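# Descriptive structure summary
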Amino acid sequence: MAKGKPKGQKGKKITLKIAKNSIRISFDGGRRLDLSKMGITTFPNCILKLADVDELDLSRNMLKKIPSSIQKFQKLRWLDLHSNQLEELPKEIGTLQNLFYLNICNNKLTIKNLPEELNLLKNLRILNLGLNCLDSIPTSLGALKELREIGLFDNALTAIPNSVKKLPKLKKLNAKRNPFLDSTKQEEHADSIKRIERLYLVEEKDLCFSCRKMCQDERDKLNKLKNVTPSPSKKPSFPLLLTPNSSAKDNQEEWRLG
């Protein structure tokens, strides 16, 4: 019979040698440390010796915590922590001033454990907070003036702050499958992020008769599609969202903002 208390789930031990062998060169020449899908349960401190990498991928593991020592990765531009078991983020993440991509989708984050220091990431362009346990979004995220895309899907949001919706460079906001108080309004706000709907390269008077007719035919087709009433469909059910990692996907493409 086994003696002592039963041990918790033990993940793979990452050595410095394993970490060094996991460095890849990204398409733009940066150094990417890829430790995704390694069965890691605790942050491997040995990788602090590789803190000069440009990208760090710890996605699809079983991490519950990111230590304050993440601040040593000052060159970091790209940080992927999606599909772990994170319940909080350290405030020191706000010191990563070069970060332009942050994916913390599919974790267990609540509004209480989302550090206010996120608003210090002045160069952040893509932020994915989808598939968490957020019932609200900090208005302070409105300070992220460089933000282009934000994922808020599959949370428990009832509203999106105006400071976020009106970010000057925001082009894409995915807030699907949230229990908004006024879903119609929220859809309208999300659609309004599309800054340019039509681009006219020439005036109609400058087109020849055949080109003008072809454009008119295409426009008529689009108008017919817009006027088609969609058939009612069964409302989707998401019972697995209470334990998001139970439905974690293997393909990174599945975690795009949609």
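Overview of the structure. (Residues numbered from 1 in each chain as written. Predicted model: local features only at pLDDT ≥ 70, side-chain atom pairs only at ≥ 80, totals over all residues. Heavy atoms only, no water.)

### Examining the overall build of the chain
Defined as follows: Secondary structure elements are taken from DSSP: a helix is a run of H or I of four residues or more, a strand is a run of E of two residues or more, and numbering for both begins at the N terminus. Relative accessible area decides the class of each residue, using a 1.4 Å probe on protein chains only: under 20% of the type maximum gives buried, over 50% gives exposed, and in between gives partly exposed. The contact criterion used throughout is that any non-hydrogen atoms of two residues lie within 4.5 Å.
Within the chain, the secondary structure is distributed over four helices and eight strands. Sequence-ordered secondary structure for the chain, helices as α and strands as β, is α-β-β-β-β-β-β-β-α-β-α-α. The buried share of the chain, taken over its 258 residues, is 38%. Long-range contacts, defined here as pairs at least 24 residues apart, represent 41% of the contacts in the chain between residues at least 6 apart.

### Some details on the packing of aromatic side chains
Heads up, the condition is: Ring pairs are drawn from Phe, Tyr and Trp, using the six-membered ring of Trp, whenever the two centres fall within 6.5 Å, and their geometry is named by plane angle: stacked under 30 degrees, edge-to-face over 60, tilted for the rest.
The full count for this structure, using the stated rule, is one aromatic pair. Taking 4.9 Å as the distance between ring centres and 10° as the angle between the ring planes, the aromatic pair formed by Trp78 and Tyr101 counts as stacked. Note that Trp78 is positioned in strand S4 (residues 78-80) and Tyr101 in strand S5 (residues 101-103), a separation of 23 residues in sequence. A relative accessible area of 13% places Trp78 in the buried class. Since its relative accessible area comes to 12%, Tyr101 is described here as buried.

### Remarks on the side chain of Asn84
Test applied: Pairing of N or O atoms within 3.5 Å defines a polar contact, subject to two protein rules: one partner must be a possible hydrogen donor and the other a possible acceptor, and residues neighboring in sequence count only if both atoms are side-chain atoms.
Among the structural elements, Asn84 can be located in the loop between S4 and S5. In this structure the side chain of Asn84 is engaged in a polar contact, spanning 3.0 Å, whose partner is the backbone nitrogen of Leu63. A polar contact is formed between the side chain of Asn84 and the backbone oxygen of Leu81, at a distance of 3.0 Å.

### Examining the sheet that holds strand S7 (residues 149-151)
Threshold: Between any two strands, pairing holds if DSSP finds at least two bridges. For helices, the fitted line uses only the C-alpha atoms of the stretch in contact; every axis is such a line through C-alpha atoms, and the angle between N-to-C directions lies from 0 to 180 degrees.
Read across the sheet, eight strands follow the order S1-S2-S3-S4-S5-S6-S7-S8 without closing on themselves; strand pairing throughout is mixed. Unpaired on one side and paired on the other, strand S1 (23-25) and strand S8 (172-174) mark the two borders of the sheet. Taking the axes of each pair of neighbouring strands and ignoring which way they run, one obtains an average angle of 10° across the sheet.

### Overview of the pattern of salt bridges
To be explicit about the condition: Salt bridges, as used here, are contacts in which a Lys or Arg side-chain nitrogen is within 4 Å of a carboxyl oxygen on Asp or Glu.
Counted under the stated rule, the structure contains seven salt bridges. The residue Glu146 makes a salt bridge to Arg148 at a minimum N-O spacing of 2.9 Å. For the salt bridge of Asp154 with Arg177, the shortest nitrogen-to-oxygen distance reads 2.7 Å. Of the two residues, Asp154 sits in the loop between S7 and helix H2 (162-165) while Arg177 sits in the loop between S8 and helix H3 (183-191), which places them 23 residues apart along the sequence. Judged by its relative accessible area of 41%, Arg177 falls in the partly exposed class. Taken together, the salt bridges that share partners define one network made up of Arg32, Glu55 and Asp57.

### Focus: the environment of Arg77
Checked against the element boundaries, Arg77 lands in the loop between strand S3 (55-57) and S4. On the basis of relative accessibility, which here comes to 23%, the residue Arg77 falls in the partly exposed class. For the pair Arg77 and Asn98, spaced 21 residues apart in the sequence, the C-alpha separation amounts to 5.2 Å. Leave out the neighbours within four places in its chain, and Arg77 touches Asp28, Gly30, Asp54, Glu55, Asn98, Leu99, Phe100 and Tyr101.

### With respect to the environment of Ser163
Note that Ser163 resides in helix H2. Each C-alpha atom of the pair Ser163 and Leu141 lies 7.4 Å from the other, and the pair is 22 residues apart in sequence. Once you skip the residues sitting within four places of it in the chain, Ser163 turns out to touch Thr139 and Gly142. A distance of 2.8 Å separates a polar side-chain atom of Ser163 from the backbone oxygen of Thr139.

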